[in-house]
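Residues per chain, in single letters:
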Amino acid sequence: MHPGQTFQSVGIVSRPRRAQLSVVVPPLLKWLAARGVAAAYDEETAAALADPSNGKTRQLVADCSQLLLVLGGDGTMLAAASLAAPRGIPILPINMGSLGFLTSFTLEELYPALEDALAGRYSVSQRVMLQAELARAGTVIESQCALNDAVIHKGALARMITLELQINSDFVCRYRADGLIVASPTGSTAYSLSAGGPIVHPAVESFLITPICPHTLSDRPLVVPDSTSIEIKLNGDAESVFLTLDGQRGIPMQVTDRVRVSRAKDALKLIYPPKKSYFEILRNKLKWGEA
């Protein structure tokens, strides 16, 4: 741990409809006020207060904060990451969900972690973000950053889809599968892991390309440098196919659409418990060694 920036303003982003918020948030706001720290909170957090009128949009919360405190699970964390990374704001994640690979602090560690962060005593992990573009007829119609993954997947219909993969403009292969995942090392423990992809340490500068239920069993996951440019073209019958970034929103795709994935220029600053190694977190979350 090295001395870092101290913070005079904290933004709070919470998971909607989390029952614990009404117990956690009011004393938290009093604790911050007693230390002279300005607090802004999103509308989801405000709903847990007697007076919700001071809730702001998450964009406004990020704009006026030097640190984002995330109360929730990995879904809340992923939504906050797209706000924090471009602004260079560190995230302090508190797990109020179930599994929580990214939200590695427990609720019991909230105040000690905040005390250390406000005093500049914290460790930061720089997490690579994905830049994903959806191009149609040569025009980019959607461009977003994602922390975990960009996923091309079929909808409710049971038929497979055909995807053509290029890396640095070199043809790699055609997949017939239920979909394809392009994940960062952070996202290696998310959807990619469920689809049979490897776990990759966050410090490894790489992207993972993992097919979802491929027709050909020899179609295996690929690990490539994150300096590469990945392009995926949707071929064949493309009824009910979507591009989803970090599981937040499905964007409908059409035949011949192209998805381009590269390393985003901004990385996420993720505060993590200094006494917990990455492998300890993996053991705890994945229940390694338990009968």
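Everything below is about the structure printed above this text.
Caption draft 1: Structural context of the overall build of the protein. Helix and strand counts for the protein stand at seven helices and 19 strands. Taken over the C-alpha trace, the protein has a radius of gyration of 20 Å; the compact-globule value for 291 residues is 19 Å, and the two agree within 12%. Across its three principal directions, the C-alpha atoms of the protein cover 60 × 45 × 35 Å. A buried classification covers 49% of the 291 residues belonging to the protein. When contacts within the protein are restricted to residue pairs at least 6 apart in sequence, long-range pairs at least 24 apart make up 67% of them. Accessible surface, the protein: about 13,400 Å² in total, of which carbon and sulfur atoms supply 52%. Here the protein contributes 28 positively and 27 negatively charged side chains, and the mean placements of these two sets differ by 2 Å.

Caption draft 2: Region of the structure containing the sheet that holds strand β7 (residues 130-136). As summarised here, the arrangement of the six strands in space is β8-β7-β18-β15-β10-β11, forming an open sheet in which the pairing is antiparallel. Edge positions in the sheet fall to β8 (139-146) and β11 (170-177), since each has one partner strand and no second. If you compare each strand with its neighbour and ignore which way they point, the axes differ by 20° on average. In terms of strand pairing, strand β15 (residues 230-235) meets strand β18 (residues 258-263) through four bridges, oriented antiparallel.

Caption draft 3: Quick peek at the packing of aromatic side chains. Counted by the stated rule, this structure contains three aromatic pairs. Centroid distance Y278 to F279: 5.6 Å. Interplanar angle 75°. Geometry classified as edge-to-face. Since its relative accessible area comes to 47%, F279 is described here as partly exposed.

Caption draft 4: Structural view of helix α5 (residues 110-118). For α5, the complete set of buried residues consists of L110, A113, L114, A117 and L118. Buried residues in α5, looked at end-on, bunch into an arc of 125°, giving them a common side. Buried residues along α5 sit in contact with β2 (9-14), α1 (21-34), β4 (67-72), β5 (91-95) and β6 (121-127).

Cut-offs applied
Residues numbered from 1 in each chain as written. Predicted model: local features only at pLDDT ≥ 70, side-chain atom pairs only at ≥ 80, totals over all residues. Heavy atoms only, no water. Helix = DSSP H or I, 4+ residues; strand = E, 2+ residues; numbered from the N terminus. Rg over C-alpha atoms; globule rule 2.2 N^0.38 Å. Buried < 20%, exposed > 50% of the residue type's maximum accessible area, 1.4 Å probe, protein only. Contact = heavy atoms within 4.5 Å. Areas by Shrake-Rupley, 256 points an atom, 1.4 Å probe, with all protein chains shown as cover. Lys, Arg positive; Asp, Glu negative; His and termini not counted. Charge placed at Lys NZ, Arg CZ, Asp CG, Glu CD. Pairing = 2+ DSSP bridges. Axes fitted to C-alpha atoms, helices over the stretch in contact; angles between N-to-C directions. Phe/Tyr/Trp six-rings, centres within 6.5 Å; stacked < 30°, edge-to-face > 60°. Arc of directions from axis to C-beta.

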